[in-house]
Amino acid sequence: MVLGLVVAVVLATKVAAAPSLEPGWIPVQRAASAVQVGRTDPSDTVLPSGIIDQSSVAGLVPQRLESATARAAARWTYLPGESAFNDRLDDLVVKAIAAHGAAQGLPVYQPAPSPSGAGLGDRGCLAGSSLRPAAKILADPALAPQGTGGAVVALVCDVVHASGHYFGERVRVVSGTPEAVIGDTTTVLYTDTSTGEIVDGADIVLAGAVDEVWGPVVGALRLAAGALWDVEILPPSDSARGAVETALLRAWVGADGSVKLPFDVPLEGREFDSLAGFDALFPALVTLPAEQGRRLFSPFGQTLLDTAAAGQPYAGPPDLPAAADRTNCGLVPCVAVTFDDGPGPNTPAVLDALAQADSSATFFVLGPAAERSPETLKRAYAEGHTIGTHTWSHAELTGLTDEKIVEEVERTQRAVAAITGQTPAYFRPPYGALSERVTGKLAELGLPAVLWDVDSADWQGPPAAVLVDNAVSPANQGSIILLHDIKAHTVEQVPAVLEGLRDRGFSLVTLDHLLGGTAPRPGSTVKSAR
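Residues numbered from 1 in each chain as written. Predicted model: local features only at pLDDT ≥ 70, side-chain atom pairs only at ≥ 80, totals over all residues. Heavy atoms only, no water.

1. Here's the deal with the environment of Pro 62
Turning to step 1, where the next piece is worked out: Inspection of the secondary structure assignment puts Pro 62 in strand β2 (residues 61-67).
Turning to step 2, where the next piece is worked out: The exposure class assigned to Pro 62 is partly exposed, which follows from its relative accessible area of 26%. (Helix = DSSP H or I, 4+ residues; strand = E, 2+ residues; numbered from the N terminus. Buried < 20%, exposed > 50% of the residue type's maximum accessible area, 1.4 Å probe, protein only.)

2. Remarks on the packing of aromatic side chains
Turning to step 1, where the next piece is worked out: Taken as a whole, this structure holds 8 aromatic pairs when the rule is applied.
Turning to step 2, where the next piece is worked out: Taken together, a centroid distance of 4.3 Å and an interplanar angle of 10° make the contact between Phe 272 and Phe 278 stacked.
Turning to step 3, where the next piece is worked out: With 5.3 Å between their ring centres and 20° between their planes, Phe 339 and Phe 363 make a pair best called stacked. Here Phe 363 lies in strand β12 (residues 362-365) and Phe 339 lies in strand β11 (residues 334-340), a separation of 24 residues in the sequence. For the pair Phe 339 and Phe 363, one class covers both residues: buried.
Turning to step 4, where the next piece is worked out: An aromatic cluster is built from Trp 214, Phe 272, Phe 278 and Phe 282, whose rings are joined through pairwise contacts.
Turning to step 5, where the next piece is worked out: Directly above the aromatic system of Tyr 78 lies the positively charged group of Arg 326, at a separation of 5.5 Å from the ring centroid.
Turning to step 6, where the next piece is worked out: Against the face of Trp 392 rests Arg 411, its NZ or CZ located 3.9 Å from the ring centre. (Phe/Tyr/Trp six-rings, centres within 6.5 Å; stacked < 30°, edge-to-face > 60°. Lys NZ or Arg CZ within 6 Å of the ring centre and 35° of its normal.)

3. Looking at empty space enclosed by the protein
Turning to step 1, where the next piece is worked out: The full count for this structure, using the stated rule, is 1 cavity of 30 Å³ or more.
Turning to step 2, where the next piece is worked out: Each pocket or cavity is described by its volume, and for the largest cavity that value is around 30 Å³.
Turning to step 3, where the next piece is worked out: In this structure, the largest cavity is lined by Arg 64, Leu 65, Glu 66, Ala 73, Ala 74, Arg 75, Ala 142 and Leu 143.
Turning to step 4, where the next piece is worked out: Contributing elements (two or more residues each) for the lining of the largest cavity: β2 and β3 (72-78). (1 Å grid on protein atoms, 1.4 Å probe; cavity = no way out; pocket = protein on both sides within 12 Å on 5 of 7 lines; lining within 4 Å. Points joined across faces, edges and corners; volume = space filled by probe spheres on them.)

4. Observations regarding the state of the cysteines
Turning to step 1, where the next piece is worked out: Under the definition given, this model contains 2 disulfides.
Turning to step 2, where the next piece is worked out: Between the sulfur atoms of Cys 125 and its disulfide partner Cys 157 the distance amounts to 2.0 Å. Taking the sign of the S-S torsion, -120° for the link of Cys 125 and Cys 157, the bridge is left-handed. A residue pair is termed long-range when its members are at least 10 positions apart, and Cys 125 in the loop between α2 (84-104) and α3 (134-139) and Cys 157 in strand β4 (residues 152-163) qualify at 32 residues.
Turning to step 3, where the next piece is worked out: Across the disulfide, Cys 329 is cross-linked to Cys 334 (sulfur-sulfur distance 2.1 Å). (Disulfide = S-S within 2.5 Å.)

And the structure:
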């Protein structure tokens, strides 16, 4: 104890006698880095930088499916019309669901509707979802099936480029449970919509880009964390290399042409050991100067950077009527909504509702009605809806002579062809009344008889809620639904019917589309596509 006191006194004396620090001394000042580090906003309520709201891009065709049986859910968005880009998206969805099903021993996926109230009318990319932690994606009922009792697969998307003729979409596939993520892969597809060229995001990053950017990124992160000394920068570990590759896939361009690299979690490496403020930097956003960032990308990637930096307005494919857009009934459940006895004064309102819901339908028209409303019929045809015939006078064919049957059908066929320029390929008998003799005459006329498997019973004038339920609840994959566009009370409920069907996950397509683009055999009878 005495010895300790002596030592303490001696040390105190030496400290008191030590000379003061040199006047004006300041710590070593490190030069600012051209590579900047900031934090990304992790809030789900803020649209992340580099993400484009799909509703701001004209013509996109949002899609969504969900299957409890396949334990799968997917969101993606097509470009207008048919394209190789849309084919690639389909391929990603199909392979993701098939691989998960095979790994989990699940039945082969078949499109099927969900119960009413499923909320599947909200479709396409949920902005920012591809940047969420995998566990959060799997825990979100808007992105992944819940309560399935096992691992699920969720495909989510974000629009990441829409400038000039160029469009880009990021697709991320996550599988597992919120507690145990099994798989997590990201694919970014870019296309030049003027030429149809498609480039995978991984291919626009040049070989060696990770090694080129690693040193500047490490230096900037160390500086931002408060390091006042230099260290030897080692080659990136596998984990760090993967993080930089992911950041390059998710990169976007700033208004000044700089390249933004997002990092969700702290990078691993000895360069970051003992930096007390390092973990607090993340999620981090590393910004490379324009000149340095451009060197990381291929000529195609540099063009993407240039169009975005210049703020070029999007000039991709124009918006198209729903009937001309891509709908894959092998992926999503489809139904055909059909309207009889028009066109009439209420038919334009039906066409408006269909356009608003991005849906298409089939109209079985009467000859005199077509001649009274030629402009309405022309509009329906121009917007891609299928036009079929429904006789001239709405007579029950089973009570007519052979000659009268032919007259009823052919006269209406000629009237429609004179207005639209195309002879209808589908026929619906009034009241659904058929006999062997009638179908025989239809076979001679080259027409199938199209009936229905879902009757809204709107012709009985039921209450609005009953009418909507009649049309929505019994519908199944491939159903043909019967409505009448001459009835005002029906037309008033058309928006609710369309919304109810879309809520269950249905895509509403023309009869021609539902049946694969080929009319059934003449004289045959069709009630659904099943």
